[in-house]
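Spelled out, the chains give:
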Amino acid sequence: MTMDRIKLGDYNRMTVVKKVDFGMYLDGGDEGEILLPARYVPEGTRPGDEIDVFVYLDQDERPVATTQRPKARVGEFACLEVAWVNEYGAFLDWGLMKDLFCPFREQKKRMERGSSYVVYVTVDEDSYRMMASAKVERYLSQEKPRYRHGDEVDLLVWQKTELGFKVIVDNKFSGLVYQDQIFRYLTTGDRLKGYIDHIRQDGKIDVTLQPTGRRQTEEFSETLLEYLRDNNGHCDLGDKSPAELIVDRFKVSKKAYKKAVGDLYRRRLITIADDGITLTEG
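A. Inspection of the packing of aromatic side chains at higher detail. Per the stated rule, a full pass over the model turns up 14 aromatic pairs. Both rings, one in Y120 and one in Y139, keep their centres 4.2 Å apart while their planes meet at 15 degrees; by these two values the pair is stacked. Remark: Y139 occurs in the loop between β12 (130-133) and β13 (152-160) and Y120 occurs in strand β11 (residues 116-123); sequence separation between them is 19 residues. Grouped by ring-pair contacts, the aromatic residues Y11, F54, Y56 and W94 constitute a single cluster.

B. Local environment of the environment of E106. On the secondary structure map, E106 appears in the loop between β10 (100-103) and β11. Assessed through its relative accessible area of 5%, E106 is described here as buried. With 150 residues separating them along the chain, E106 and A256 place their C-alpha atoms 43 Å apart. Not counting residues within four places of it along the chain, the set of residues in contact with E106 comprises M131, A132, S133, A134, K135, R138 and Y139.

C. Examining the side chain of T45 more closely. Position of T45 among the secondary structure elements: in the loop between β5 (33-37) and β6 (50-57). What makes T45 buried here is its relative accessible area of 16%. Polar side-chain contacts of T45 include one of 2.7 Å to the backbone oxygen of P42. Not counting residues within four places of it along the chain, the set of residues in contact with T45 comprises V16 and M24.

D. A look at the state of the cysteines. Tallied over the full model, the rule gives zero disulfides. The thiol of C102 is not disulfide-bonded; the next cysteine sulfur, from C79, is found 12 Å away.

E. Representation of the pattern of salt bridges in the model. Summed over all chains, the structure comprises 21 salt bridges. Salt-bridge contacts for E50 lead to R13; the nearest nitrogen and oxygen are separated by 3.5 Å. Here the residue E50 occupies a position in strand β6, and R13 occupies one in strand β3 (residues 10-20), the gap between them amounting to 37 residues. When its relative accessible area of 51% is taken as the criterion, E50 is described as exposed. R267 is the salt-bridge partner of E222, the closest N and O atoms lying 3.3 Å from each other. With a gap of 45 residues between them, E222 in helix α1 (residues 213-230) and R267 in the loop between α3 (254-266) and β19 (270-273) connect regions that are remote in the sequence.

F. Region of interest: the layout of surface pockets. Counted as a void, the largest pocket has a volume near 410 Å³. Secondary structure elements with two or more residues in the lining of the largest pocket: β6, β10 and β12. Examining the composition of the lining of the largest pocket, we find that three residues originate from one element, β10, more than from any other. Residues belonging to the lining of the largest pocket are distributed by class as follows: eleven nonpolar, three polar and six charged.

G. View of unusual backbone geometry. In this structure, E61 is a non-glycine residue whose phi angle is positive, near 60 degrees. Note on placement: E61 falls in the loop between β6 and β7 (63-66). Even without being glycine, N171 reaches a positive phi, approximately 55 degrees. Its location among the elements puts N171 in the loop between β14 (164-169) and β15 (173-178).

H. Main features of the pairing of strand β17 (residues 205-208). Residues I205 and V207 of β17 are buried on one face, and the alternating residues D206 and T208, pointing to the opposite face, are buried as well. Alignment of β15 against β17, held across two bridges, turns out to be parallel. Opposite L176, over in β17, you have D206 as the bridge partner. For strand β16 (residues 191-199) and β17, the ladder comprises four bridges, and the chain directions are antiparallel. Each residue of the ladder has a partner; that of Y195, found in β17, is T208.

Rules of the game
Residues numbered from 1 in each chain as written. Predicted model: local features only at pLDDT ≥ 70, side-chain atom pairs only at ≥ 80, totals over all residues. Heavy atoms only, no water. Phe/Tyr/Trp six-rings, centres within 6.5 Å; stacked < 30°, edge-to-face > 60°. Helix = DSSP H or I, 4+ residues; strand = E, 2+ residues; numbered from the N terminus. Buried < 20%, exposed > 50% of the residue type's maximum accessible area, 1.4 Å probe, protein only. Contact = heavy atoms within 4.5 Å. Polar contact = N/O pair within 3.5 Å; in protein donor to acceptor, adjacent residues only side chain to side chain. Disulfide = S-S within 2.5 Å. Salt bridge = Lys/Arg side-chain N within 4 Å of Asp/Glu carboxyl O. 1 Å grid on protein atoms, 1.4 Å probe; cavity = no way out; pocket = protein on both sides within 12 Å on 5 of 7 lines; lining within 4 Å. Points joined across faces, edges and corners; volume = space filled by probe spheres on them. Nonpolar A, V, L, I, M, F, W, Y, C, P; charged D, E, K, R; others polar. Pairing = 2+ DSSP bridges.

Structure follows, in structure tokens:
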């Protein structure tokens, strides 16, 4: 939602109009003057200065500015903890003085205080108030993704399924990381980098947590080389080592480990024996 030139629930660059005992008033254009409370005024700020602020609604639903940074803006997904609940819904801690409201009608199940949920930050069309919605599917893009295999993306871990973890890709698309591609502990709300593996006919995205193809081999080869240098030039894991030991130590699949070993061997940086791999001299 845009209030003329002021973006509600987003960052705005605004000009200081005047100073008062309880803060500073900023030029909100057709919205009039918007208060930046004294506790958020950067030291040395004077009338005429331009300042970057986040604009949201105060307890009386009036626009107010802050230099605090919320955990999410309007149009973004985030995992937020419930600070308190009442007869109307839940109030989520999003890093600002006023908590973010999630009405019961926007909850998939009754939210509980102290628990965290992935939500979308939006503006209620009826009341024009900012709110959160846990009905995440409604806000995911239906566009055809235009990624290519191996593209790096930002992920928000959404929910666990029988197949693995659902993730939100680049704050826009639904994706899935399969269980057999996960080599680290994941939980709802984690933010991490991922890589496009495959885009299905229905537009759903399969994602991996490791680089794919040659890039993965090159990156892990350097990791393995650094490990050898830090461990007296030797690693006791080889072709016949259990995959679980490789995953536990390096957080990669046995296949990725063997490719990196092959890469280092072709570069004549290691020797291979029954008891593992060893750095060559020099």
